[in-house]
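Take a look at the letters that make up each chain.
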Amino acid sequence: MLALPQSKIVAFHGFMGVGADVEPFVDACGLDIDIEAPDLIGHGSFQCDDPVEYSLDAQLEYWSVKIPKGSVLIGYSMGGRLALQFACRYPDHLSGLVLIGATPGIEDPDERARRQKWDASQAERIRELGIEGFYNEWQRLPIIATQERIDPDIRSKMKANRLTQSIEGLANSMIHFGTGTMPDCWDALPTLSLPILLMVGEEDAKYRGIASRMMDRLPGDSAESAIISNAGHCVHLESMSESAITLKLWLKRHFS
């Protein structure tokens, strides 16, 4: 058994997902420890009408009292952005950090402004098309399309969860916590001294590049990266076996 501090792993899901998305990966890992996979604001059961609560500061403050100190925090995509920002804001709160297809944000102001406009346009598409229409459109994005290789039973449950999402919850998340709105934390990376694992799919060229840049800035004695074969952006479900082995070996090296 892994002797994790507080015996707790917390996992943050991606945009349009829910905490239950991580369950098949947890099962594949076979970890005999407590894993919490909550819904993030605007998703699943965590609904809120106040746009202020979707801001980075509000979310970080909320999770600072929900996540036990000493936890290992895992984050995928949108959840990875939140997990990384949490580690930067509360560097002594966590004992480890695992990022799956995550980014520290956009450094260039012009590029960030363009992304903010795109985020806003996607929020309008959610309102125009409704959840099912937007889901069908979202699934056609190249970065999402590789999820077709996820086991059909798992993918069917993911789709069912996505089709029950709230229009305003997703729209608020896109506008107030999109990559364009979120401040970048690139300059904080050299200060992170906790064990960090970056997981990225070999077919996810954009995030392979981001992970490479992150490794250049993260302390060399605390961070490592893993490129997962036969996977795009959603590596932990697209290539579940290799991802599970990678995570277990990393946990064993740092916490056994």
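Scroll up to find the structure this text is about.
Below is a summary of the structure that appears in this document. As the structure is a computational prediction, the values presented were derived from the model and not from experiment.

As a volume, the largest pocket reaches approximately 640 Å³. Lining the largest pocket are 44 residues, with Phe15, Ser77, Trp138, Ile144 and His233 positioned closest to its centre. For the lining of the largest pocket, the element with the most residues is helix α4 (residues 109-138), which contributes 4 residues. Tallied by class, the residues present in the lining of the largest pocket amount to 24 nonpolar, 14 polar and 6 charged. Empty space within the second largest pocket amounts to approximately 200 Å³. Around the second largest pocket sit 13 residues that line it, and Thr103, Gly105, Ile106, Glu111 and Ile210 are the ones nearest its centre. If you list the elements that add at least two residues to the lining of the second largest pocket, you get α4 and α8 (205-217).

Okay, helix α10 (residues 240-255) next. Spacing of three or four residues puts side chains on the same side of an α-helix, whose turn is 3.6 residues. Its 16 residues give α10 an end-to-end C-alpha distance of 22 Å, which sits within 8% of 22 Å, the value for a rise of 1.5 Å per residue. If you check which residues of α10 are buried, you get Ser243, Ala244, Thr246, Leu247, Trp250, Leu251 and Phe255. Taken around the axis of α10, the buried residues stretch over an arc of 160 degrees, which confines them to a single face. Opposite the buried face of α10, by more than 90 degrees, sit the exposed residues Ser241, Lys252 and Arg253.

In summary, soluble globular proteins display a tendency toward joint burial of nonpolar side chains. Ranked by size, the top nonpolar core spans 51 residues in total, and within it Phe12, Phe15, Leu73, Leu84, Leu97, Leu192 and Met214 carry the most contacts. The biggest single contributor to this core is helix α3 (residues 78-89), with 7 residues. Ignoring sequence-local partners within four residues, the contact set of Phe15 consists of His43, Met78, Ile126, Phe134, Trp138, Leu170, Ser173 and Met174.

Moving on to the packing of aromatic side chains. Inspection of the entire model under this criterion finds 8 aromatic pairs. With a centroid separation of 5.9 Å and 70 degrees between ring planes, the pair formed by Trp250 and Phe255 is classed as edge-to-face. Here the two residues Trp250 and Phe255 agree in accessibility, since each one is buried. Ring pairs connect the aromatic residues Phe12, Phe46, Tyr62 and Trp63, which therefore count as one cluster. The residue whose ring lies beneath Arg81 is Phe177, and the NZ or CZ to ring-centre distance is 4.8 Å.

Structurally, the position occupied by Asp204 is in the loop between β5 (196-201) and α8. Within the buried core, Asp204 has no salt-bridge partner, and the shortest N-O distance to an opposite charge, that of Arg208, equals 7.1 Å. When residues no more than four places from it in sequence are discounted, the contact partners of Asp204 are Ile143, Ala231, Gly232 and His233.

Criteria and thresholds
- Residues numbered from 1 in each chain as written.
- Predicted model: local features only at pLDDT ≥ 70, side-chain atom pairs only at ≥ 80, totals over all residues.
- Heavy atoms only, no water.
- 1 Å grid on protein atoms, 1.4 Å probe; cavity = no way out; pocket = protein on both sides within 12 Å on 5 of 7 lines; lining within 4 Å.
- Points joined across faces, edges and corners; volume = space filled by probe spheres on them.
- Helix = DSSP H or I, 4+ residues; strand = E, 2+ residues; numbered from the N terminus.
- Nonpolar A, V, L, I, M, F, W, Y, C, P; charged D, E, K, R; others polar.
- Expected span 1.5 Å × (residues − 1).
- Buried < 20%, exposed > 50% of the residue type's maximum accessible area, 1.4 Å probe, protein only.
- Arc of directions from axis to C-beta.
- Core = buried A, V, L, I, M, F, W, Y, C linked by side-chain atoms within 4.5 Å.
- Contact = heavy atoms within 4.5 Å.
- Phe/Tyr/Trp six-rings, centres within 6.5 Å; stacked < 30°, edge-to-face > 60°.
- Lys NZ or Arg CZ within 6 Å of the ring centre and 35° of its normal.
- Lys, Arg positive; Asp, Glu negative; His and termini not counted.
- Salt bridge = Lys/Arg side-chain N within 4 Å of Asp/Glu carboxyl O.

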